[in-house]
Amino acid sequence: GTGTGAGAASAAGFGLPCFAPYHIPWAAYILRSPESYVVPENGLVFDQRRAFVFENWWHYDVPTQPTARVERLKQPVLNLLMMWSNQFQHFVFDTLSRLPMALPFLASHPEVKVLHPGGVAESFLMTLGLPRERLIQADMGTVYWAPTIYTPHYAFDSLGLMPAGVFRTIHPKLTSYHLHPELKPQARRSVVYLTREYPALHRSLLPENERKLIAAIVASLRNEYQLVEFHTAGKWELDRRVFEQAAVVLGPHGGAFSNIIFCEPGTHVVEFLPYCRIQQTSAAQGHDKHEINTRPCFHGLAHGSDLVHWVVEPLVFDFLKPGMVVDPDHVVEVLRTIGVAQ
């Protein structure tokens, strides 16, 4: 990449001169940035001369106001800070998916600490073998300086897109049976339905439509399969057991689909979301490709987890409102094609 003069911003709050974003090319790599700062809110890394702007789905805001606190770390750190990465689904999309690249690096660089966003991050990192003493939880109101900041990155500019099979090396450690392989389900017989509460949540199905859908699914399933309506237990360590036993996971687009990282390879994922209609409508309204947000995050997550992704286009849909309607016959036909319905 080359430095650009566009978007130059003052960093006077840090006692630094004005600097321009330095755009990083599309690739997969770990950026090494000596004597640099990182902003926990969005993971922006910058030094005395430039800010490093990665090709991501979110925008990096170069800080222009003084911050309440700058903490100087004594040791080099791996930067796992990204937009909203203290939330489960965004941690899975944007942070966990970079760990297969980062873990071998950390194994060969024991002096490097891990700067993480908190939330579910610590439990995931420890499950993957990193000891607590190696972890530093970032405070969102603090900017951090370190002698060297390493940032793992692969570049896709749409939410949740990632390399196919990226979780292949870490998936075994994320399972509940990792230390007890004899507990691995021998046959996956669950069809897991991800409900969304109506009318509290956007993209929840109309209750009457959901009742008809569930009845149609139950009536059509082969004898060896059963429908399971998923309700979170509040901890991913408990929720994962539901998905480990799933042959199919289906439902309206929403954060619960992030749990498909716990599914066994080959599991089918059926998402209710009008990908084609969103793209066609946005294009007809004059939006360019960078303004069209088709939310391909679970498409990417499914392929990153070696799963099979299906889409059911709803009959009625508004991304920011409840009241989605799907055709039960269409959903059953997909399940019949998969082989779990008759």
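Residues numbered from 1 in each chain as written. Predicted model: local features only at pLDDT ≥ 70, side-chain atom pairs only at ≥ 80, totals over all residues. Heavy atoms only, no water.

Caption draft 1: Representation of the environment of Ser-258 within the structure. Topologically, Ser-258 is positioned in the loop between strand S12 (246-252) and strand S13 (268-272). As a C-alpha pair, Ser-258 and Val-92 span 166 residues in sequence and 6.7 Å in three-dimensional space. (Helix = DSSP H or I, 4+ residues; strand = E, 2+ residues; numbered from the N terminus.)

Caption draft 2: Structural detail: the packing of aromatic side chains. Under the definition given, this model contains 11 aromatic pairs. Here Phe-91 and Phe-124 contribute two aromatic rings whose centre-to-centre distance is 5.3 Å and whose plane-to-plane angle is 40 degrees, an arrangement assigned as tilted. Separated by 33 residues along the polypeptide, Phe-91 in helix H1 (residues 88-95) and Phe-124 in helix H3 (residues 121-127) bring together distant segments of the chain. No difference in accessibility class separates Phe-91 from Phe-124, as the two residues are buried. On the basis of an interplanar angle of 70 degrees and a centroid distance of 4.9 Å, the ring pair of Phe-230 and Phe-243 is categorised as edge-to-face. Of this pair, Phe-230 sits in strand S11 (residues 226-230) while Phe-243 is found in helix H6 (residues 236-244), placing the two residues 13 residues apart along the sequence. For Phe-230, a relative accessible area of 7% translates into the label buried. Through a chain of ring-to-ring contacts, the aromatic side chains of Phe-88, Phe-91, Phe-124, Trp-236 and Phe-262 assemble into a single cluster. The ring of Tyr-154 has Arg-98 lying over it, and the distance from NZ or CZ to the ring centre is 4.6 Å. When the ring centre of Phe-319 is taken as origin, the NZ or CZ atom of Arg-203, which lies over that ring, is 4.3 Å away. (Phe/Tyr/Trp six-rings, centres within 6.5 Å; stacked < 30°, edge-to-face > 60°. Buried < 20%, exposed > 50% of the residue type's maximum accessible area, 1.4 Å probe, protein only. Lys NZ or Arg CZ within 6 Å of the ring centre and 35° of its normal.)

Caption draft 3: Seen up close, helix H2 (residues 99-108). Listed in full, the buried residues belonging to H2 are Leu-99, Pro-100, Ala-102, Leu-103, Phe-105 and Leu-106. Elements that come into contact with the buried residues of H2 comprise strand S2 (28-39), strand S6 (77-79), H1, strand S7 (113-116), H3 and strand S9 (143-154). (Contact = heavy atoms within 4.5 Å.)

Caption draft 4: Representation of the pattern of salt bridges. Tallied over the full model, the rule gives 6 salt bridges. The partner of Arg-132 in a salt bridge is Glu-122, with the nearest N and O atoms 3.2 Å apart. Of this pair, Arg-132 sits in the loop between H3 and strand S8 (135-137) while Glu-122 sits in helix H3, and the two are 10 residues apart along the sequence. The exposure class of Arg-132 is partly exposed, given its relative accessible area of 48%. (Salt bridge = Lys/Arg side-chain N within 4 Å of Asp/Glu carboxyl O.)

Caption draft 5: Expanded view of the nonpolar core. Leu-96, Phe-124, Val-249, Ile-260, Ile-261 and Leu-301 are the most contacted members of the largest nonpolar core, which has 47 residues in total. Contributions of two or more residues to this core are made by H1, H2, H3, S9, strand S10 (190-194), H6, S12 and helix H8 (297-304). For this core, the leading source of residues is H2, giving 5 residues. If near-sequence neighbours (up to four positions away) are discounted, Ile-260 is found in contact with Val-249, Val-269, Phe-298, Leu-301, Ala-302, Ser-305 and Leu-307. (Core = buried A, V, L, I, M, F, W, Y, C linked by side-chain atoms within 4.5 Å.)

Caption draft 6: Representation of the pairing of S9. Of all the 12 residues making up S9, 11 are buried; the element is thus mostly covered by neighbouring parts of the structure. With 10 bridges joining them, S2 and S9 adopt antiparallel strand pairing. Looking across to S9, one finds that Arg-32 is bridged to Tyr-150. Examined bridge by bridge, strand S5 (residues 70-72) and S9 share 3 bridges and lie parallel to one another. By the bridge assignment, Val-70 is partnered in S9 with Val-143. By the bridge criterion, 2 bridges tie S6 to S9 in an arrangement that is parallel. Bridging across to S9, Leu-78 finds its partner in Tyr-150. (Pairing = 2+ DSSP bridges.)

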